[in-house]
Amino acid sequence: MDKLLNLVASGLVTGAIYSIMASGLVLTYTTAGIFNFAHGAVAFTTAYLFYQLNTGLDVPIVPAIVISVFLYAPLLGLLLDRILLRRLARAPVYARIVGTIGLLVALPALIQWLVVSVGKDALGLDLIGNEGLSEGVPVSGIVGERKNYKPFADIVLSNNQIAVFVVASLAALMLWLVIRRSRVGLEMRAVVDREQLAGLRGVNTARTSAVAWVLTMILAGFGGVLIAPLFTLQDTIFTLVVLGSLAAVVLGGLRSIPIAFAGGLLLGVTQNLVAGYRADILPESINKINGLQASVPFVAVLVLLLLFGRDRSRQAGSVAEDAARPDHREGVPAWRRRLPWALATLALIAFSQQWLPWDWARADAFDQSVIAQSLVMSMIFLSFVVVTGMGGMVSLAQASFVTAGGFAAGWALTWDLGIDLPFVASHGQINFLWAALFGALIGAALGALIALLATRLGGVMLALGTLAAGFVCQNIVFEIDAVRNNTDLGWPIRQPTLDIPGLNWLVNDVIVRDRSGQSYIDFGQVPEQVLLFLSLFGLITLLIHSLMRSRSGRAALAARSSQIAAEASGVRVNRTRILMFAFSAGIAGFAGTFLGQFNFSISPSAAPTYVGLFWLALAVTFGIRRPGGALLAGFAFAGGTAIFTWIAEILPTGDSVNGALTSVYFVPILSGIGAIQLAQEPDGILSLVGQQKLKKKREKERLLTIAAAEALLHDGDVPDHERRHTEPAALASPIAPSASLDGAAFAMQGIVAGYGDAEVLHGVAVRLDSGKVTALLGANGAGKSTLCWVASGVVKPTFGKVWLEGEDITEWDSFRRARAAMLLVPEARGIFPGLTVEENITVLLRDPQLRDKAYERFPILSERRKQVAGLLSGGEQQMLSLAPALADPPKVLIADEPTLGLAPLAAEGVMEAIIELRDRGSAVLLVEEHAQNALKVANSLAFMELGRIVWSGPREDADMELLSSAYLGPAAH
């Protein structure tokens, strides 16, 4: 019994660690929509700073905590929010995941490099870097000197353990109160639910994002300082602690802090009980696996994901989830695209094979080794091109596929067939190429197995599932004696050879040798390995390009762009994803064979799952959609450290030892820089350069077009009936406020706007008056919704002005316009589907009396206060959109297709609400697909055609023939 109580007590402390980390992860995901894989890195850097202040500079505990937790951590949050996280929240799912993984890798390296290179001289720190920390240097906690207590009989807890449990409990309670009971928490959840709509409802999304990240960073920093005395102060340890809390996060559905907190406690107790009683309940063969206890959280993640991980919400929409970027190579001949790569390949071959006469252009043995390793890493990075670049999935288990493939090939290379078979075996030994292909097969099989379990999860859940599977493989599967060859060294991998009979006629003392009458190509020397690896990289690249052009490749790209649209088109999305996953795992397994041959063996530690996170960050940094990015990433990984070591050695200090020490931090820091640029261009550095060139090219073409149009206008060669379609948009209407706008509640003039390079509105002018309804009519694609987005501030015009009661609001953000009593009811329902009815109304109406008025106007909403808004019927959702306006009428109401998809009775109720708002003094702009409904309530009409207002005036003077042509085309005249 005493053993059980001690295990439970110490497990609660471990669980409290998981709870505090899980609470931070849930806070980040709930408030910013980003699963922060860098949470552990923030915890480590804060604890590391506290350690250096308190231990290195003898700063007292309280000031050290204030500086590290309440100054450094929130400032880091503000900085990252400004330069990366705010923009990253709008990027594709894989970019959001990889961006935080880049921070996970970069932040610890950056702060350690600063201490190593600057701290010793500038601050006089004696304990720097990881040299002392890796040996377990004790770290002081917030409670000072360690003391032990006995809260119960025979249960011993330290003051640091008690502090962890108490602070974790308080932090979870405070976070829950902030998220569920505060105005800022409501705004945070609204931003995550529908960021654009949150701005239209008066929420300052930038401020909300900053507050969320400040709170998250403070929590991570406090957690890091608390748990530092309980562990060795190393970045990998902190990251593994955070990753160990994933089961609690998944149990809470990524959104519930109380459930995540309780799940963390349960997880810690379970892990301790397994450690304490596994010898009594498990077979000896399993009990002796060292990583069994550490794998408990990840096994729990897999089980919970399979049970609860699938997203069961209703999915719909017409917008691509991952819109394709314009191809900056469009119009460039194929030979021009390939020529730079061909020349670079020839130069690499010439350099590695020492073909050139100049010494500086001849690779030495070290250079050749770096090139060979770079090409092997490039083959591994090609697997990311398939699974993430083509499939749009984030796999964090690629390192496990590398290890599995290497193990399989190593085992195959030990076969003794006893006979010689042409192309298969010589002297009884299996051909190296067949062993590598066997490794690819095993890697693909493992990938398919994981894909069968995880691909239906999608998004973040898929990433978490593959990460958990990777750690389970690393800690359990690869530690089984039969799998790892009964030794920590793993399976031996001999140098590659290719047995081909009948090559005696070929004379080449370097490549072809004769062995007992059997000819074979020997790749035992590094120069020959460079040629082999380059050939294999090219072959895999050709396979990937063929896959991209195949039916399966097109299906994968369709599923990546929009799963719903792909399924509606007959694509079997899950089968396609499994195929992509298995193919990428096969590539990783194939490359694992050659990775092992560098060390003459493949061991369980050859490709840890943690290192696989770094691989992914680097692959995406250089470009995830094209094999060229994989090649550059491979050279950055294998050659980066060598390059930075050389740079460090020629610095003025001339300290080669310090240079070698600090250089190991530069490649991780480089990946962090890549994560920052990832927010600007999710497709990597290669695409970033190309997109910048494309943008300049299109801007030049646009200016030439405008100049040509101006020349035609000045020459008078344009007929009057064509002038409307040829004149520059900027000249279409004046932008200065005229006398005709005096007294207007809202007005726009000379508006030119669009999306990217596509111009939609061409010099539009609109006037709205208080107490009147202006109906905007036109066919689909005329630009009506874009005009509404410009009016509300979501889309910024490139030309023209917007006024509200005579004040220029052109530069105002949408939240500021909403606070000035402008309300947009968008086409897709102006509600937050993930919030309750009560929370939806509270976002816009802070006054309880106004909320009561809203319920009085629509009693059905009062009955559904606690119901999630996304579960309401279409009519009830539109009532919820209009309820705040009827309770507190805005100065300007913009209603974009308010009756779209509604039953006639519900549509009639919506039109009655608009009439009520008109009669109460609101200026209304009504975009309505049913012209008959619009004509009943409108005081004036505006007809829109191809981004221009072609007629406007009182309803009585409407040109019905023009109205018919706007909907049915010119033939309707």
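Residues numbered from 1 in each chain as written. Predicted model: local features only at pLDDT ≥ 70, side-chain atom pairs only at ≥ 80, totals over all residues. Heavy atoms only, no water.

### Digging into the overall build of the protein
So, step 1. Across its full length, the protein carries 37 helices and 19 strands.
So, step 2. Within the protein, buried positions represent 53% of all 973 residues.
So, step 3. For the protein, restricting intrachain contacts to residue pairs at least 6 apart in sequence, the fraction spanning at least 24 positions comes to 73%. (Helix = DSSP H or I, 4+ residues; strand = E, 2+ residues; numbered from the N terminus. Buried < 20%, exposed > 50% of the residue type's maximum accessible area, 1.4 Å probe, protein only. Contact = heavy atoms within 4.5 Å.)

### Things to note about the packing of aromatic side chains
So, step 1. This model, assessed by the stated rule, comprises 18 aromatic pairs.
So, step 2. Measuring from centroid to centroid gives 6.3 Å for Phe 381 and Phe 384, while their planes differ by 35 degrees, and the two rings are tilted. Remark: Phe 384 and Phe 381 occur in helix α15 (residues 365-390); sequence separation between them is three residues, near one turn of the helix.
So, step 3. For Phe 384, a relative accessible area of 1% puts it in the buried group.
So, step 4. Through successive ring pairs, a cluster of aromatic residues spans Phe 381, Phe 384, Phe 614, Trp 615 and Phe 637.
So, step 5. Looking at Arg 865, its charged tip hangs above the ring of Tyr 855, at a distance of 3.8 Å from the centre. (Phe/Tyr/Trp six-rings, centres within 6.5 Å; stacked < 30°, edge-to-face > 60°. Lys NZ or Arg CZ within 6 Å of the ring centre and 35° of its normal.)

### Side note on the pairing of strand β13 (residues 799-804)
So, step 1. One ladder, built from five bridges, connects strand β10 (residues 746-755) with β13; its direction is antiparallel. Bridging across to β13, Met 748 finds its partner in Val 802.
So, step 2. Of the pairings in the sheet, the one linking β13 to strand β14 (residues 807-808) comprises two bridges and is antiparallel in character. Looking at β14, one finds that Trp 803 is bridged to Asp 808.
So, step 3. Hairpin connection between β13 and β14: a loop of two residues separates the two successive antiparallel strands, and Glu 805 in this loop has a positive phi of roughly 50 degrees. (Pairing = 2+ DSSP bridges.)

### Describing the sheet that holds β14
So, step 1. With respect to topology, four strands assemble into an open sheet ordered β11-β10-β13-β14, the strand pairing being antiparallel. Both edges of this open sheet fall to β11 (758-768) and β14, since each of them pairs with a single strand only.
So, step 2. Where helix α29 (residues 784-792) meets the sheet, its contacts fall on β10 and β11, and the angle it forms with β10 comes to roughly 115 degrees. (Axes fitted to C-alpha atoms, helices over the stretch in contact; angles between N-to-C directions.)

### Overview of the side chain of Gln 878
So, step 1. With respect to the secondary-structure elements, Gln 878 resides in helix α34 (residues 874-887).
So, step 2. Gln 878 sits in the buried class, given a relative accessible area of 0%.
So, step 3. A distance of 2.5 Å separates a polar atom in the side chain of Gln 878 from the backbone oxygen of Pro 898.
So, step 4. The contacts of Gln 878, once residues within four sequence positions are left out, are Val 825, Arg 829, Glu 897, Pro 898, Leu 902 and Val 910. (Polar contact = N/O pair within 3.5 Å; in protein donor to acceptor, adjacent residues only side chain to side chain.)

### Considerations on the packing of helix α17 (residues 432-454) against helix α22 (residues 573-598)
So, step 1. Close contact between α17 and α22 brings their axes to 6 Å; oriented N to C, the two are set at 145 degrees. Both α17 and α22 take part in a crossing whose hand is right-handed. Between α17 and α22, the contacting residues are Phe 432, Ala 436, Leu 437, Gly 439, Ala 440, Gly 443, Ala 444, Gly 447, Ala 448, Ile 450, Ala 451 and Leu 452 on the first element and Ile 578, Phe 581, Ala 582, Ala 585, Gly 586, Gly 589, Phe 590, Thr 593 and Phe 594 on the second.
So, step 2. A breakdown of the residues in the contact of α17 with α22 according to their chemical character gives 15 nonpolar, six polar and no charged. (Left-handed = near helix turned anticlockwise from the far one by under 90°. Nonpolar A, V, L, I, M, F, W, Y, C, P; charged D, E, K, R; others polar.)

### Focus on the sheet that holds strand β17 (residues 923-927)
So, step 1. As summarised here, the arrangement of the six strands in space is β15-β16-β17-β12-β18-β19, forming an open sheet in which the pairing is mixed. Sheet topology places β15 (822-825) and β19 (948-954) at the edges, where each strand pairs with a single neighbour. The mean inter-strand angle of the sheet, taken between neighbouring strand axes irrespective of direction, is 15 degrees.
So, step 2. Examined bridge by bridge, strand β12 (residues 773-777) and β17 share four bridges and lie parallel to one another. Residue Thr 774 lies in a different strand from β17, and its bridge partner there is Leu 925.
So, step 3. Across the sheet, helix α35 (residues 904-919) touches β12, β16 (892-896) and β17, and the angle it forms with β17 is around 155 degrees.

### Side note on the nonpolar core
One broad rule of soluble globular proteins: the nonpolar side chains tend to lie buried together.
So, step 1. Counting 168 residues, the largest nonpolar core has Phe 35, Phe 37, Met 379, Phe 381, Leu 396, Phe 594 and Trp 615 as its most contacted members.
So, step 2. Considering each element in turn, this core owes the most residues, 14 residues, to α15.
So, step 3. Ignoring any residue separated from it by four or fewer positions in sequence, one finds Phe 594 in contact with Val 376, Met 379, Phe 432, Ala 436, Leu 532, Phe 533 and Leu 536.
So, step 4. Residues Val 191, Leu 197, Ala 198 and Leu 835 belong to the second largest nonpolar core, which totals 41 residues. (Core = buried A, V, L, I, M, F, W, Y, C linked by side-chain atoms within 4.5 Å.)

### Some words on the pattern of salt bridges
So, step 1. Per the stated rule, a full pass over the model turns up 17 salt bridges.
So, step 2. Ionic pairing is found between Arg 846 and Glu 187, a salt bridge with its closest N-O pair at 3.5 Å. Linking Arg 846 in the loop between α31 (837-844) and α32 (848-857) with Glu 187 in helix α6 (residues 183-193), this pair joins segments that are 659 residues apart in sequence.
So, step 3. For Glu 187, a relative accessible area of 2% corresponds to the buried category.
So, step 4. Among the salt bridges present, the one from Glu 876 reaches Arg 864, with a minimum N-O distance of 3.1 Å. Separated by twelve residues along the polypeptide, Glu 876 in helix α34 and Arg 864 in the loop between α33 (859-863) and α34 bring together distant segments of the chain. (Salt bridge = Lys/Arg side-chain N within 4 Å of Asp/Glu carboxyl O.)

### Quick look at a negative patch on the surface
So, step 1. Judged by side-chain charge, Asp 847, Asp 852, Glu 856 and Asp 888 come together as a negatively charged surface patch.
So, step 2. Along the chain, the position of Asp 847 falls in the loop between α31 and α32.
So, step 3. Assessed through its relative accessible area of 34%, Asp 847 is described here as partly exposed. (Patch = residues over 30% accessible without salt bridge, like charges linked within 9 Å, V, L, I, M, F, W, Y side chains within 5 Å. Areas by Shrake-Rupley, 256 points an atom, 1.4 Å probe, with all protein chains shown as cover. Lys, Arg positive; Asp, Glu negative; His and termini not counted. Charge placed at Lys NZ, Arg CZ, Asp CG, Glu CD.)

### Concerning the pairing of strand β18 (residues 940-945)
So, step 1. Within β18, five of the six residues are buried, which leaves it mostly tucked inside the rest of the structure.
So, step 2. Alignment of β12 against β18, held across four bridges, turns out to be parallel. Note that in β18 the partner of Ala 775 across the bridge is Leu 941.
So, step 3. As paired strands, β18 and β19 are joined by six bridges and run antiparallel to one another. Bridge pairing in β19 links Leu 941 to Gly 953.
So, step 4. Adjacent in sequence and paired antiparallel, β18 and β19 are bridged by two residues, among which Leu 946 carries a positive phi angle near 50 degrees.

### Observations regarding a nonpolar patch on the surface
So, step 1. Taken together, Ile 67, Leu 71, Leu 75 and Leu 78 make up a surface patch of nonpolar side chains, about 330 Å² in accessible area.
So, step 2. The class for Ile 67 is partly exposed, based on a relative accessible area of 35%.

### Looking at the confidence of the model for the protein
So, step 1. Mean pLDDT over the protein: 78, with 77% of residues reaching 70 or higher.
So, step 2. Confidence scores differ between elements of the protein, with helix α28 (residues 720-726) showing the lowest mean pLDDT of 42 and helix α16 (residues 398-413) the highest of 93.
So, step 3. Note that residues 126-136 has pLDDT below 50 and, in this model, 24 contacts with residues that lie over four places away or in other chains.
So, step 4. pLDDT under 50 marks residues 717-739. Its contacts with residues more than four places away, or in other chains, come to 44 contacts. (pLDDT = per-residue confidence, 0-100.)

### Section: unusual backbone geometry
So, step 1. The backbone of Gln 354 sits at a positive phi, close to 60 degrees, despite the residue not being glycine.
So, step 2. Locating Gln 354 in the fold gives a position in the loop between α14 (334-352) and α15.
So, step 3. Phi angles above zero are rare outside glycine, and Glu 897 is one such case at about 50 degrees.
So, step 4. By the element assignment, Glu 897 lies in the loop between β16 and α35.
So, step 5. Classification of Glu 897 by relative accessible area gives buried; the value is 7%.

### Side note on the side chain of Thr 842
So, step 1. Along the chain, Thr 842 falls in helix α31.
So, step 2. Contact partners of Thr 842, with chain neighbours within four places excluded, come to Arg 183, Leu 186 and Arg 851.

### Overview of the packing of helix α19 (residues 526-549) against helix α20 (residues 551-561)
So, step 1. Packing of α19 against α20 leaves a shortest axis separation of 4 Å and a crossing angle of 70 degrees. As the angle between them shows, α19 and α20 are arranged roughly perpendicular. Along the contact surface, α19 presents Leu 547, Met 548 and Arg 549, while α20 presents Arg 551, Ser 552, Gly 553 and Arg 554.
So, step 2. A class-by-class count of the residues in the contact of α19 with α20 yields two nonpolar, two polar and three charged. (Parallel < 35°, antiparallel > 145°, perpendicular 65-115°, else oblique.)

### What about α14?
An α-helical turn contains 3.6 residues, so any two residues separated by three or four positions project in the same direction.
So, step 1. For α14, spanning 19 residues, the distance from its first C-alpha to its last is 27 Å, which sits close to the expected 27 Å at 1.5 Å a residue.
So, step 2. The set of residues buried in α14 consists of Leu 348, Ile 349, Ala 350 and Ser 352.
So, step 3. Just past α14, the residue Gln 354 takes up positive phi, approximately 60 degrees. (Expected span 1.5 Å × (residues − 1).)

### Details of the environment of Trp 803
So, step 1. If you trace the backbone, Trp 803 turns up in strand β13.
So, step 2. By relative accessible area, Trp 803 is classed as buried at 8%.
So, step 3. Trp 803 sits 55 residues away from Met 748 along the chain, and the two C-alpha atoms are 6.3 Å apart.

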